[in-house]
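Below, each chain spelled out in residue letters.
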Amino acid sequence: MDVDIGNALASVASPGVSRDSLERLDEQVADAHERIEDGMANGEHGYEALNLPDRTDPDEIRRAVEPVADAEALVTVGIGGSALGAATITEALDSDTKTVYLDNVDPAWVTAELERLPLENTAINVVSRSGTTAETLANFLVVREAFEDAGVDWTERTIVTTGESGPLRDLSERHDLPSLKVPDGVPGRFSALSAVGMVAAAVCGHDLEALLEGATAEADTLSGSLFDCPAYAYGATSYALDARGAGMNAMVPYAESLETYSEWFAQLWAESLGKDDLGQTPLRALGVTDQHSQLQLYRAGPRDKVVTFVTPREADDRAIPDTEVDDLAYLGDATLGELLDAEFEATEASLAAAGRPNVRIELERVDEYELGGLLYGMEAACVLAGELYGVNTFEQPAVEWAKKATRGLLGGGEFEEADAVAEKTELRVER
Ligand SMILES: O=P(O)(O)OC[C@H]1O[C@](O)(CO)[C@@H](O)[C@@H]1O
């Protein structure tokens, strides 16, 4: 990935960061990089994620999916980091394999999703780092039952990726299911470039080596200066803009194939940096679609956000047919790709003209190599930003309260959190 932070400079935008401030911040980046390198060298929790390009074994993943390599469809049962990385990869790349991600427990939706699948020729990819996530385990039990009701042997079609122990590990051993391990020291949201994200990619026939090579190329740019490393330039600039009031970060890819990438980024940024009353709130949008819903706010609303554009330099194209309407002749002479690019450049320039900070991330095209680089680059940007914020990037303690309350409400144990649910303050306004 290439990063252009020109439109985030104080000479263009407010909030903006001056060149001098970036130079000064670069001293902190050098220290942070040293910390990151140490963490990687010692395989420390979290930092270990940045070693994945050297750790992940594509052959091991292909061996595990071999029994279902001819699957017509793939249902992935996982949530958060156990779904979004895989979905980002398979949603961005073409494949004949139909993919469904069960990362919610809305009954009607789960039922409808299962009905869309040719179960007799569908593979099941169950992913949970902890092996205890209620939504994933509940959905897996539902999926298993659906296969049984259809007379299809789910044990022949299931691959499990989970930790060393836990209910899901027990289930996989009890039924002798092919399984892979979530690598130690890698938090879910940083695990796309491990078996967690790549089992689905393998079943869909994507080039695992190219994904890892792209990530390796990005890893090779990690250095002690933001002016030499696109990932650090992005992380440091986002941090600096937040410190100057841009408390929100709107991720706006100009490619439909990258819509799920924005969801992945939202978890990465929110769950990693959102702690100790700090952190930048990620917003998910899509170019050009959200020019017609969000741009008014981005350009004329509060000066409290930065817009991050992601744009591929190359992409498939389609001509816009000629038209008999003179006023539309300018369209007939163009292609959809040219229209998309013009809209991107115009929107980027419109924010700069209004003094609104924005950053451009460029990819050569949307393919395995570039996607591997983007995923790795944004993970490194997040780790760097976490160092600058001084937060523990790799934990997410705030999510546990609701999990305990849920378990208590369902009779899964005594939890004071569940009691607190009943003590809700009410001020109801009823129709
Ligand atoms: O992979 P697991 O353990 O099922 O967790 C799924 C997701 O839930 C979280 O723990 C948040 O609740 C995320 O950090 C994680 O990616």
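Since this is a predicted model, take the numbers as computed values, not measurements.

Novice: Which parts of the structure should I look at to understand the sheet that holds strand β1 (residues 2-4)?
Specialist: Within a sheet, neighbouring strands are paired by backbone hydrogen bonds and run either parallel or antiparallel to one another. Pairing in this open sheet of 5 strands is mixed, and the strands run β1-β10-β9-β7-β8 from one edge to the other. Looking along the sheet, the strands with just one partner apiece sit at the ends: β1 and β8 (281-284). Mean inter-strand twist for the sheet, computed between neighbouring axes without regard to direction, equals 20 degrees. Of the pairings in the sheet, the one linking strand β9 (residues 305-312) to strand β10 (residues 358-363) comprises 6 bridges and is parallel in character. The residue bridging Pro312 from the neighbouring strand is Leu363, located in β10.

Novice: Help me understand the domain arrangement of the chain in this model?
Specialist: One can read the domain layout of the chain as domain 1 (2-38 + 213-389) and domain 2 (57-182). Each partner contributes residues to the interface: domain 1 has 12 residues there, and domain 2 has 10 residues. Across the domain 1/domain 2 interface, buried area totals approximately 900 Å², and carbon plus sulfur atoms make up 72% of it. The largest share of the area that domain 1 buries against domain 2 comes from Thr260, Gln267 and Leu371, three residues that together contribute 43% of it.

Novice: What should I look at first to understand the packing of aromatic side chains in this one?
Specialist: For any two aromatic rings, the description comes down to two numbers: the centre-to-centre distance and the angle of the planes. A full pass over the atoms with the stated rule returns 10 aromatic pairs. Centre to centre, the rings of Phe190 and Phe394 are 5.5 Å apart; their planes meet at 65 degrees, and the pair counts as edge-to-face. In this pair, Phe190 sits in the loop between β6 (179-181) and α8 (195-203) while Phe394 sits in the loop between α15 (368-389) and α16 (400-409), placing the two residues 204 residues apart along the sequence. By relative accessible area, which is 5% here, Phe394 ends up buried. Ring geometry for Tyr239 versus Tyr389: centroids 5.0 Å apart, planes at 90 degrees, classification edge-to-face. Of this pair, Tyr239 sits in helix α10 (residues 230-243) while Tyr389 is found in helix α15, placing the two residues 150 residues apart along the sequence. Considered together, Tyr239 and Tyr389 belong to a single accessibility category, that of buried residues. Among the aromatic side chains, those forming a connected cluster through ring pairs are Tyr47, Phe190 and Phe394.

Novice: I tried to follow the layout of surface pockets on my own but got confused; where do I start?
Specialist: Leftover empty space is mapped by rolling, across the atoms, a probe with the size of a water molecule. In this model, the largest pocket occupies a volume close to 1000 Å³. Taken together, 36 residues form the lining of the largest pocket, with Ser130, Thr132, Thr133, Ala134 and Lys403 sitting closest to its centre. Elements with a minimum of two residues in the lining of the largest pocket: β4 (122-128), α6 (134-149), α7 (167-174), α11 (259-273) and α16. With 6 residues, α16 is the largest single contributor of residues to the lining of the largest pocket. Its residues assigned to classes, the lining of the largest pocket comprises 13 nonpolar, 14 polar and 9 charged. Taken as a whole, the second largest pocket encloses approximately 750 Å³ of empty space. Together, 27 residues line the second largest pocket, and Ala255, Ser257, Ala315, Asp316 and Leu340 are the ones closest to its centre. Listed by contribution, the elements that provide at least two residues to the lining of the second largest pocket are α4 (84-92), β9 and α14 (336-353). Ranked by residue count, the leading element in the lining of the second largest pocket is α14, at 5 residues. The class makeup of the residues in the lining of the second largest pocket is 10 nonpolar, 5 polar and 12 charged. Here the lining of the second largest pocket gathers at least three residues from each of two domains, domain 1 (2-38 + 213-389) and domain 2 (57-182).

Novice: Please clarify how empty space enclosed by the protein should be interpreted in this entry.
Specialist: Per the stated rule, a full pass over the model turns up 2 cavities of 30 Å³ or more. Estimates place the volume of the largest cavity at around 70 Å³. Lining the largest cavity we find 13 residues, and of these Val252, Tyr254, Gln291, Tyr298 and Thr347 sit closest to its centre. Contributions of two or more residues to the lining of the largest cavity are made by α12 (295-300) and β9. Among the residues making up the lining of the largest cavity, the classes are represented as 8 nonpolar, 4 polar and 1 charged. Each pocket or cavity is described by its volume, and for the second largest cavity that value is around 50 Å³. Per-class residue counts for the lining of the second largest cavity are 5 nonpolar, no polar and 4 charged.

What counts, and at which threshold
Residues numbered from 1 in each chain as written. Predicted model: local features only at pLDDT ≥ 70, side-chain atom pairs only at ≥ 80, totals over all residues. Heavy atoms only, no water. Pairing = 2+ DSSP bridges. Helix = DSSP H or I, 4+ residues; strand = E, 2+ residues; numbered from the N terminus. Axes fitted to C-alpha atoms, helices over the stretch in contact; angles between N-to-C directions. Domains from an automatic or database assignment. Contact = heavy atoms within 4.5 Å. Buried area = accessible area lost by both parts, 1.4 Å probe. Phe/Tyr/Trp six-rings, centres within 6.5 Å; stacked < 30°, edge-to-face > 60°. Buried < 20%, exposed > 50% of the residue type's maximum accessible area, 1.4 Å probe, protein only. 1 Å grid on protein atoms, 1.4 Å probe; cavity = no way out; pocket = protein on both sides within 12 Å on 5 of 7 lines; lining within 4 Å. Points joined across faces, edges and corners; volume = space filled by probe spheres on them. Nonpolar A, V, L, I, M, F, W, Y, C, P; charged D, E, K, R; others polar.

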